[in-house]
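# Structural characterization, general
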Amino acid sequence: MNRRHFLVSSAGALTAASAAFSSSANDTLRVAVIGMGGRFGAPGMGRGKDHINTWKGIANAEMVAICDIDDAQIAKGLKLFETNGLKKPEVYKDFRKVIENKDIDVVSIATPNHWHTLQTIWACQAGKDVYVEKPCSHNIFEAKQI
């Protein structure tokens, strides 16, 4: 097989594969943002705000839930949704309830660092795709568990 034939064949295969994936029954990613709070008692929202602002710009993503243990931070998250004209999300205080929800595809984790590893593992075990802030772990052992 010469290089030209290989490239033409490969391009055809990629086109067929992308058509198959683009016609998926679930074209929209349903996202839950975990952690609305600030860092070290800083006023305002922390990385959760950045996650919301990033996900809202992704065409095939819909933020359907937020989760935080603090009612004040949940209120800030809901206000951010409202001011950006986004559909009101479901609200959770318990991360475990988020990953039990079969309608959520992606978990976007913006919690304090010491929660990153465990929440990532639990979300993966529940079949969710995960975006987690760095550091994803405190040490190599935790990273290997992920």
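Refer to the structure presented above.
Source: prediction; values computed, not measured.

Conventions adopted
- Residues numbered from 1 in each chain as written.
- Predicted model: local features only at pLDDT ≥ 70, side-chain atom pairs only at ≥ 80, totals over all residues.
- Heavy atoms only, no water.
- Phe/Tyr/Trp six-rings, centres within 6.5 Å; stacked < 30°, edge-to-face > 60°.
- Helix = DSSP H or I, 4+ residues; strand = E, 2+ residues; numbered from the N terminus.
- Buried < 20%, exposed > 50% of the residue type's maximum accessible area, 1.4 Å probe, protein only.
- Pairing = 2+ DSSP bridges.
- Axes fitted to C-alpha atoms, helices over the stretch in contact; angles between N-to-C directions.
- Contact = heavy atoms within 4.5 Å.
- Salt bridge = Lys/Arg side-chain N within 4 Å of Asp/Glu carboxyl O.

Attention shifts here to the packing of aromatic side chains. Inspection of every chain in the model, using the stated rule, returns 1 aromatic pair. Summarising the aromatic geometry, the rings of F95 and W122 are spaced 6.4 Å apart at their centres and angled 20° between planes, so their arrangement reads as stacked. Of this pair, F95 sits in helix α4 (residues 95–100) while W122 is found in helix α5 (residues 116–125), placing the two residues 27 residues apart along the sequence. With relative accessibility at 7%, the residue F95 sits in the buried group. Taking relative accessible area as the criterion, W122 reaches 27% and is therefore assigned partly exposed.

Hydrogen bonds between backbone atoms are what pair the strands of a sheet, whose relative direction is either parallel or antiparallel. Taken in spatial order, the 5 strands of this open sheet run β3-β2-β1-β4-β5, and their pairing is parallel. Looking at strand neighbours, the two that pair on one side only are β3 (90–92) and β5 (129–132), the edges of this open sheet. The mean inter-strand angle of the sheet, taken between neighbouring strand axes irrespective of direction, is 25°. Relative to β3, strand β2 (residues 61–67) runs parallel, the two sharing 3 bridges. Note on β3: the bridge partner recorded for C67 is Y92. Each of β1 (29–34), β2, β4 (106–109) and β5 is contacted by helix α2 (residues 47–55), which is oriented at about 165° to β1, the strand it contacts most. Relative to the sheet, helix α3 (residues 71–83) contacts β2 and β3, its axis offset from that of β2 by approximately 160°.

Moving on: the pattern of salt bridges. The tally for this structure, following the rule as stated, stands at 7 salt bridges. Across the salt bridge formed by R30 and E62, the nearest N and O atoms sit 3.6 Å from each other. Of the two residues, R30 sits in strand β1 while E62 sits in strand β2, which places them 32 residues apart along the sequence. Relative accessible area serves as the criterion here: at 23%, R30 is assigned to the partly exposed category. Residue classification places E62 among the partly exposed positions, given a relative accessible area of 26%. A salt bridge links E133 to R47; its shortest N-O distance comes to 2.9 Å. Of this pair, E133 sits in the loop between β5 and α6 (140–145) while R47 sits in helix α2, and the two are 86 residues apart along the sequence.

As a further point, take the side chain of Q119. Relative to the helices and strands, Q119 is located in helix α5. Residue classification places Q119 among the buried positions, given a relative accessible area of 6%. Non-local contacts of Q119, meaning those with residues more than four positions away in its chain, are made with I34, F95, I109 and T111.

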